[in-house]
Amino acid sequence: MKNFTFASIVVVFLVFYACDAPNPEESAVTAPIVKTTTTKQETVENDKKIIVFFGNSLSAAYGIEATQGFVGLTAQRIDSLGLPYEIVNAGLSGETTAGGKTRIEWILRQPVDIFILELGGNDALRGIDPEDSYKNLKFIVEKVKEKYPSAKIVLAGMEAPPNLGPEFTSKFRQMYPKLAKEYNASLIPFLLEGVGGIPELNLPDGIHPTPKGHQIVAKNVWAVLENLL
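Caption draft 1: Quick peek at unusual backbone geometry. Phi at alanine 61 takes a positive value of approximately 60°, unusual for a residue other than glycine. With respect to the element layout, alanine 61 can be found in the loop between β2 (49-55) and α3 (70-80). Judged by its relative accessible area of 4%, alanine 61 falls in the buried class. With phi around 50°, asparagine 184 is a residue other than glycine that occupies positive phi space. Mapping asparagine 184 onto the fold places it in the loop between α7 (166-182) and β6 (186-188). When its relative accessible area of 72% is taken as the criterion, asparagine 184 is described as exposed.

Caption draft 2: Spatial organisation of the pattern of salt bridges. Here the structure, examined in full by the defined rule, presents six salt bridges. Among the ionic pairs, aspartate 129 bridges to lysine 171, the shortest N-O distance being 3.6 Å. Of this pair, aspartate 129 sits in the loop between α5 (121-125) and α6 (130-147) while lysine 171 is found in helix α7, placing the two residues 42 residues apart along the sequence. Classification of lysine 171 as partly exposed rests on a relative accessible area of 36%. Of the charged contacts in the structure, one is a salt bridge between glutamate 159 and arginine 173, with a shortest N-O distance of 3.0 Å. Of the two residues, glutamate 159 is situated in the loop between β5 (152-156) and α7 and arginine 173 in helix α7; the sequence distance between them amounts to 14 residues. Residue classification places glutamate 159 among the buried positions, given a relative accessible area of 6%. Residue class for arginine 173 comes out partly exposed when judged on its relative accessible area of 38%. Among the ionic contacts, a cluster of salt bridges with common partners joins Lys138, Glu142 and Glu182.

Caption draft 3: Quick peek at the pairing of β5. Counting buried positions over the five residues of β5 gives four, a clear majority of the element. By the bridge criterion, four bridges tie strand β4 (residues 114-118) to β5 in an arrangement that is parallel. Across the sheet, the residue bridging to phenylalanine 115 is isoleucine 153, located in β5. Bridge analysis of β5 against β6 gives three bridges, and the strand direction is parallel. Bridged to valine 154 within β6 is serine 186. Running through α7, the crossover from β5 to the neighbouring parallel element β6 is right-handed.

Caption draft 4: Just the pairing of β2, in detail. The element β2 is largely enclosed, with a buried count of six among its seven residues. Strand direction decides the pairing type here: β2 and strand β3 (residues 85-89), joined by five bridges, are parallel. The residue of β3 that forms the bridge with isoleucine 50 is glutamate 86. This β-α-β element, β2 to α3 to β3, shows right-handed connectivity. With five bridges connecting them, β2 and β4 associate as parallel partners. Note on β4: the bridge partner recorded for isoleucine 51 is isoleucine 114.

Caption draft 5: A look at the environment of lysine 48. Mapped onto the fold, lysine 48 is located in the loop between α2 (40-46) and β2. Overall, the relative accessible area of 21% leaves lysine 48 in the partly exposed class. Separated by 36 residues in sequence, lysine 48 and proline 84 have C-alpha atoms that sit 4.8 Å apart.

Caption draft 6: Representation of the side chain of threonine 97 in the model. Examined against the element boundaries, threonine 97 turns out to sit in helix α4 (residues 97-107). Using a relative accessible area of 0% as the deciding quantity, one classes threonine 97 as buried. Excluding anything up to four places from it in sequence, threonine 97 contacts Leu119, Gly120, Asp123, Ser133, Asn136, Leu137 and Ile140.

Rules of the game
- Residues numbered from 1 in each chain as written.
- Predicted model: local features only at pLDDT ≥ 70, side-chain atom pairs only at ≥ 80, totals over all residues.
- Heavy atoms only, no water.
- Helix = DSSP H or I, 4+ residues; strand = E, 2+ residues; numbered from the N terminus.
- Buried < 20%, exposed > 50% of the residue type's maximum accessible area, 1.4 Å probe, protein only.
- Salt bridge = Lys/Arg side-chain N within 4 Å of Asp/Glu carboxyl O.
- Pairing = 2+ DSSP bridges.
- Right-handed = clockwise from strand over helix to strand, strands pointing away.
- Contact = heavy atoms within 4.5 Å.

In structure tokens form, the structure reads like this:
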């Protein structure tokens, strides 16, 4: 993982845990869905396909305007290229893989052609066993494939803080490529590549990207997503 020192990643993840950890009493099924382009009726009429970003505060563009986040930037790029896709932002700040497991069926009430799964970071912050996180991610992927067998899956990989120990960080890192191989999904190795741990590319909390940081994240996403369109 590039651009991280041991000290910086520990501070970054501890700050993220303090700012972004979800309230266990809150229900994830009330998470907002933000459509960044046309309405559903327009989608039907224009025969556009649906791309769903299912994630946490990174997808939700925490601390900045939604249009400045990597999901909004991806939508703008698709529109500028005239591609027949509509993006749905189902990011929820503080979301864990368990929370995602709870609300996935609600999200799947709408059509899905490409499903981008961006969860796991908050699990690492809480020290949740990567095996449990893996099972939750697996459940989510299987639910998507069960309802929409032809949907393409993209996994956005994350990293765990090194203070949790080499065994934990290794198991956490491996769960994304393991899932990608098992379900023939596309993989973004590390969503925050080129952004994580770089102060000038993150907000004062040290973890959520600035608009400029999101531009780099959007490029990381596009490098994989482009091949699926």
